Amino acid sequence: TGAALPEGAAGEVVFTTLTRHGMPLIRYRTGDVSQFIPGACPCGTQLKTLAHITHRLDGRVTIGAQRLTLADLDEILFSIPEVLDFAAAVTHDQGHDCLKIEVQLTDNQALNTVVQTVSQRFAGVVQVAPVATIPATMAKRRLVDRRRVLE
């Protein structure tokens, strides 16, 4: 909504530098989601302490009633030692939203573990496929929403 949140509530990180004389930033929206940590910092600073960035606004996908981020998938998939890397996308197939995951494994015997782990944490249609390698790109890894139709 753009409204200020109470301390401790998660929201978008926005910078405002009204004290700059030459060119103040009125409102710089980062797209990152974090929160101020309530209370005084143990280091003794008088400044507010910002928690680690949890995710980006554009990296969040809503499927049914669930919100899913790349950080959620990282937590789920990288908890399995055999997972080296993965790529994920949300599609709309045969009337249902579907989470499609390509996963690079050290041992393909772990594929069942991956499917069970993802299915336990995500209540929806999930397709998991092993791949030999995940294509490396200069861009950061993302959770892609392919349900949008290009006009």
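Owing to the predicted nature of the structure, the values given are computational and were not obtained by experimental measurement. (Residues numbered from 1 in each chain as written. Predicted model: local features only at pLDDT ≥ 70, side-chain atom pairs only at ≥ 80, totals over all residues. Heavy atoms only, no water.)

A. Just the overall build of the protein chain, in detail. Broken down by element type, the protein chain carries 2 helices and 11 strands. The order of helices and strands in the protein chain, counted from the N terminus, is β-β-β-β-β-β-β-α-β-β-α-β-β. A compact globule built from 151 residues would reach a C-alpha radius of gyration of about 15 Å, whereas the protein chain, at 19 Å, exceeds it by more than 25%. Overall size of the protein chain, expressed as C-alpha extent along the three principal axes, is 60 × 45 × 30 Å. Considering the protein chain as a whole, with its 151 residues, one finds that 25% of them fall into the buried category. Total accessible area on the protein chain is roughly 10,900 Å²; 54% of this is exposed by carbon and sulfur atoms. (Helix = DSSP H or I, 4+ residues; strand = E, 2+ residues; numbered from the N terminus. Rg over C-alpha atoms; globule rule 2.2 N^0.38 Å. Buried < 20%, exposed > 50% of the residue type's maximum accessible area, 1.4 Å probe, protein only. Areas by Shrake-Rupley, 256 points an atom, 1.4 Å probe, with all protein chains shown as cover.)

B. Here's a closer look at the sheet that holds strand β1 (residues 11-17). Within the open sheet, the 3 strands sit side by side as β1-β2-β5. Their pairing is antiparallel. Since the sheet does not close on itself, it has two edges, and those belong to β1 and β5 (55-56), each with one partner. As defined by bridge partners, β1 adjoins strand β2 (residues 25-34) across 5 bridges and the pair is classed as antiparallel. Bridge pairing in β2 places T17 opposite L25. (Pairing = 2+ DSSP bridges.)

C. Structural context of helix α1 (residues 70-77). Among all positions in α1, only L70, L73, I76 and L77 are buried. With its buried residues spanning 120° around the axis, α1 presents them on a single face. (Arc of directions from axis to C-beta.)

D. How the structure looks around the state of the cysteines. Per the stated rule, a full pass over the model turns up 0 disulfides. In this structure C41 is a free cysteine whose sulfur lies 3.0 Å from that of C43, the closest cysteine sulfur available. (Disulfide = S-S within 2.5 Å.)

E. The arrangement of the packing of aromatic side chains in detail. Summed over all chains, the structure comprises 1 aromatic pair. Here F78 and F86 contribute two aromatic rings whose centre-to-centre distance is 5.5 Å and whose plane-to-plane angle is 55°, an arrangement assigned as tilted. Overall, F86 belongs to the buried group, its relative accessible area being 1%. Its guanidinium or amino end placed over the ring of F36, K48 lies 5.1 Å from that ring's centre, counting from NZ or CZ. (Phe/Tyr/Trp six-rings, centres within 6.5 Å; stacked < 30°, edge-to-face > 60°. Lys NZ or Arg CZ within 6 Å of the ring centre and 35° of its normal.)

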